[in-house]
Amino acid sequence: TDIQGTVEFKNVSFRYPDGQSNVLQNISFKVNKGETVAFIGSTGCGKTSLVNLITRFYDATSGEVLVDGYNVRDYKKDELSRKIGYVSQKAVLFSGDIQSNINFGDNDADISAIEKAISISQSEEFVKLQKNGLEAHVAQGGQNFSGGQKQRLSIARALARKAEIFIFDDTFSALDYKTDKILRNALKTKMKDSTCIIVAQRIGTIIDADQIFVIDNGEIVGHGTHKELLNTCDTYKEIAQS
Ligand code: M5T
Ligand code: MG
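Every value quoted in this text rests on a predicted model; they were computed, and no experiment measured them.

(A) Just the pairing of strand E9 (residues 165-169), in detail. Burial analysis of E9 places five of its five residues in the buried class, which makes it a mostly covered element. Side chains Ile-165, Ile-167 and Asp-169 of E9 all project onto a buried face; the interleaved residues Phe-166 and Phe-168 project onto the opposite face, where all are buried too. Summarising the sheet, strand E6 (residues 84-87) and E9 pair through four bridges and their orientation is parallel. Looking across to E9, one finds that Gly-85 is bridged to Phe-166. The pairing of E9 with strand E10 (residues 195-200) spans five bridges and is parallel. Paired with Ile-165 across the strands is Thr-195, a residue of E10. Read as a crossover between parallel neighbours, the route from E9 over helix H7 (residues 177-190) to E10 is right-handed.

Set out below in structure tokens:
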């Protein structure tokens with residue numbers, strides 16, 4: 001089987017270094033190459049903590065986190081980060097211009113990759129409206145852009161990487177429903193070989209996911225497709241009805 005673009009958790013538990021108790025408990029799952037997988041659950045249930053173990057912002061307290069079949073601890077830092085395009089829960093922009101914000105850190109995307117990322121992330125329209133296009137000024141923290149525009153530019157930054165795995169931590173909730181839908185369709189068609197891990201608050205964002213994991217209080221309490229979960233998972237049903 002194709003191991004590139006896979007993510008696997010084997011019996012992972014996690015407690016913050018300064019924490020009293022586990023925020024994740026016995027988490028096991030497998031994401032196959034090219035799949036779109038979603039994590040959903042109420043605020044504070046552990047979604048961000050979970051994806052932060054893939055990027056190694058933190059390390060699992062016990063159990064194993066595997067990327068492409070290897071324990072994340074066995075990668076050099078830049079080797080792992082090159083495989084992953086990560087969009088944090090809070091969009092972060094830096095003072096500079098749009099282009100430098102997309103080519104941030106170790107990104108070295110050429111202009112065509114940048115333009116493609118701008119297009120898929122649905123940023124094209126508002127970038128074109130800027131007087132200087134890609135060279136338009138970005139104020140510290142991206143204060144001269146709206147929340148949804150900032151979110152889309154941070155998506156573009158992740159997409160401009162030649163990553164195998166993309167992680168979107170609650171990235172779509174800052175967007176209106178229509179933009180959310182258009183963006184996800186663009187992701188699906190233009191990036192169908194990439195693995196996507198989506199953390200979501202609302203069901204609409206993840207309805208088409210290949211697998212959905214429902215998290216409650218640090219544990220997986222449901223797993224399946226949207227349709228399956230509506231029949232098998234009370235927590236999911238509650239979220240769907242809210
Ligand atoms: C899960 C605690 C937090 C909560 C649990 C980031 C962070 C979280 N926590 C810490 O103790 N220290 C920390 O640095 O861990 O939190 P989460 O993973 O951030 O939850 P979430 O992403 O599902 O929530 P939300 O609000 O983003 O939907 O008990 O106190
Ligand atoms: Mg979170």
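Moving on, there is more to tell.
(B) Expanded view of the layout of surface pockets. Computed from the structure, the largest pocket encloses a volume of approximately 570 Å³. Forming the walls of the largest pocket are 23 residues, and the residues nearest its centre are Phe-57, Ser-81, Ile-84, Tyr-86 and Arg-161. Sorting the residues of the lining of the largest pocket by element identifies helix H2 (77-83), E6 and helix H6 (147-159) as the ones contributing at least two each. When residues of the lining of the largest pocket are assigned to their parent elements, the largest contribution, four residues, is made by E6. A class-by-class count of the residues in the lining of the largest pocket yields 10 nonpolar, seven polar and six charged.

(C) Representation of the sheet that holds strand E3 (residues 36-40) within the structure. An order of E6-E9-E10-E3-E11-E12 is seen for the six strands of this open sheet, with the pairing classed as mixed. Every other strand in the sheet has two partners, leaving E6 and strand E12 (219-224) as the edge strands with one partner each. Within the sheet, the average angular offset between the axes of one strand and its neighbour, ignoring direction, is 15°.

Rules behind the numbers
Residues numbered from 1 in each chain as written. Chains lettered and ligands numbered in written order. Predicted model: local features only at pLDDT ≥ 70, side-chain atom pairs only at ≥ 80, totals over all residues. Heavy atoms only, no water. Buried < 20%, exposed > 50% of the residue type's maximum accessible area, 1.4 Å probe, protein only. Helix = DSSP H or I, 4+ residues; strand = E, 2+ residues; numbered from the N terminus. Pairing = 2+ DSSP bridges. Right-handed = clockwise from strand over helix to strand, strands pointing away. 1 Å grid on protein atoms, 1.4 Å probe; cavity = no way out; pocket = protein on both sides within 12 Å on 5 of 7 lines; lining within 4 Å. Points joined across faces, edges and corners; volume = space filled by probe spheres on them. Nonpolar A, V, L, I, M, F, W, Y, C, P; charged D, E, K, R; others polar. Axes fitted to C-alpha atoms, helices over the stretch in contact; angles between N-to-C directions.

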